[in-house]
Each structure stands twice: as C-alpha cells, then as structure tokens.
Amino acid sequence: MKSQRRIERLSQTIRYSQTDLTLVLENIHDPHNVSAILRTCDAVGVRSINLLYNLEPFPKIGKKSSASANKWVEKRLFRSPDDCFNVLKQEGFVIAASVVDESSVSLFEMDLRNKTALIFGNEHRGVTDKSAAMADVRFRIPMFGMVRSLNVSVACAITLYEALRQRLAEPDKFPPKINADKFHEKLQEWMKK
C-alpha cells in the first residue's frame, strides 16, 4: 500500500508530464551518458524517449547511475531511422536534429512549445547524415570557445531546459492537459513500481 504522500507525488509528476516532447538518442555509446539523459528527462517531465541503435549495441543502463530515472522514462527501441521517423511523424512530432553546423538554426531561435522530437547523436560521430537529412529542422547550441562541442548529456540538458523554459512562459498551456482516464491508468501503473 502506497502512502498518501507517495500517491500525491506520483500524481503531480504525471500531471507535469511532457507528452508532446521526446528525444531520439541515436547510437549513444556511453551508458553513463544515456543514464544522465534519462535523469534529465525525468526532471523535465519527458516520460518517453526513442532509442535509435543501428550502428552501436544498446548500452546497459545501471540503476545507480540513472538514479532510478530508468524506471520512470519509457523507452522505445528502433533499428532504423526510417522506422523511428515514420512513427514519430505519424504521432505528429516535428523532428529537430542537433547538428553542430553554422547552417543550423540556434536553439534559442526555435519554438519548442509544440510537439517536438529532439535528436542527439553519437558522442564521436554526432547525428548521422541520414537522420539529419530526414529531420524537419537542424539546430545547434551556440558556442564561442575553442572547443565546439558539448558532452551529449549536457547538450540534451540544455535543450530540454530551454524547451521547459519556453513552456513555463505559457501558464495556460503548462502543465499540459492530460485525459482523466490516461491519468488514472498511468497512476495505477506507477503505483506498482
């Protein structure tokens, strides 16, 4: 039996779920990076991510390094960009690929208040050319130092918190509305965890 305090915390977390914001992690190699990204997803309220692994094996995610965020964020596994993007498009997501390139739009010029899937690529190769070409938009985090790259988990955190900042600025839309039936279904599911 869950305590009333626990039920209230679960309920609040579900109410603040960002069902219209998701990530695509493309061949992220380091399990610590994936774990850190899951922790940020949980903190922001992203409840579902997409794992696109067609060049790298899927990393084993430890409970300790993800601080148990692993159990609160659903994961869908895809083996090809075509399959992943087709599903996201059918669900109505605009797909934005993180590409460190001067032709990419600045993160801070993007409107992240709408249904968005953000793609982040492998630590060494970045987002694949195929995925970048299939995306609706390519974006970059402005950087002015000698090193023009960020750790992928840091880049995800910056981007997710920019999306959250934009969404918090519209109190009539935040927190997102959740159907009562879906709310109770998710609460029952989470009470078993």
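Coordinates for the structure precede this section.
Residues numbered from 1 in each chain as written. Predicted model: local features only at pLDDT ≥ 70, side-chain atom pairs only at ≥ 80, totals over all residues. Heavy atoms only, no water.

**Q** What am I meant to see in the layout of surface pockets here?
**A** Any empty space left between atoms is shown by rolling a water-sized probe over those atoms. Here the largest pocket defines a volume of roughly 620 Å³. Around the largest pocket sit 22 residues that line it, and Thr 19, Ser 48, Glu 74, Lys 182 and Lys 186 are the ones nearest its centre. Looking at the lining of the largest pocket, the elements with two or more residues in it are β1 (21–26), β2 (48–52), β3 (74–78) and α6 (180–191). When residues in the lining of the largest pocket are grouped by element, the largest group, 5 residues, is from α6. Counted by class, the lining of the largest pocket contains 5 nonpolar, 7 polar and 10 charged residues. (1 Å grid on protein atoms, 1.4 Å probe; cavity = no way out; pocket = protein on both sides within 12 Å on 5 of 7 lines; lining within 4 Å. Points joined across faces, edges and corners; volume = space filled by probe spheres on them. Helix = DSSP H or I, 4+ residues; strand = E, 2+ residues; numbered from the N terminus. Nonpolar A, V, L, I, M, F, W, Y, C, P; charged D, E, K, R; others polar.)

**Q** Help me understand the pattern of salt bridges, please; the structure alone is not making it clear to me.
**A** Oppositely charged side chains are able to pair whenever their charged atoms sit close together. Summed over the entire model, instances satisfying the criterion amount to 12 salt bridges. In this structure, Arg 76 and Glu 91 form a salt bridge, with 2.7 Å as the shortest nitrogen-oxygen distance. Placement of the pair is Arg 76 in strand β3 and Glu 91 in the loop between α3 (81–90) and β4 (94–98), with a sequence separation of 15 residues. Look at Arg 76 and you get partly exposed, because its relative accessible area is 27%. Accessibility expressed as a relative area gives 32% for Glu 91, which makes it partly exposed. Each of Glu 74, Lys 186 and Glu 189 takes part in salt bridges that share partners, so that together they form one network. (Salt bridge = Lys/Arg side-chain N within 4 Å of Asp/Glu carboxyl O. Buried < 20%, exposed > 50% of the residue type's maximum accessible area, 1.4 Å probe, protein only.)

**Q** Would you explain the pairing of β4 in this entry?
**A** Along a regular strand, successive side chains alternate from one face of the sheet to the other. Across the 5 residues that make up β4, a large majority, 4, are buried. Here β4 pairs with strand β6 (residues 116–120) via 4 bridges, running parallel. Note that in β6 the partner of Val 94 across the bridge is Thr 116. As paired elements, β4 and strand β7 (residues 137–140) share 3 bridges and run parallel to each other. In the strand pairing of β7, Ala 97 is matched with Arg 138. (Pairing = 2+ DSSP bridges.)

**Q** Looking at this structure, I do not really get a nonpolar patch on the surface. What am I missing?
**A** A contiguous nonpolar surface patch, about 310 Å² in accessible area, is contributed by Phe 108, Leu 150, Val 154 and Ile 158. Exposure remark for Val 154: the relative accessible area of 39% places this residue in the partly exposed category. (Patch = residues over 30% accessible without salt bridge, like charges linked within 9 Å, V, L, I, M, F, W, Y side chains within 5 Å. Areas by Shrake-Rupley, 256 points an atom, 1.4 Å probe, with all protein chains shown as cover.)

**Q** Help me out: how do you make sense of the side chain of Thr 128 in this one?
**A** With respect to the helices, strands and loops of the structure, Thr 128 is situated in the loop between β6 and α4 (129–134). A distance of 2.8 Å separates a polar atom in the side chain of Thr 128 from a polar atom in the side chain of Glu 26. Residues within four places of Thr 128 in sequence aside, it is in contact with Glu 26 and Leu 55. (Polar contact = N/O pair within 3.5 Å; in protein donor to acceptor, adjacent residues only side chain to side chain. Contact = heavy atoms within 4.5 Å.)

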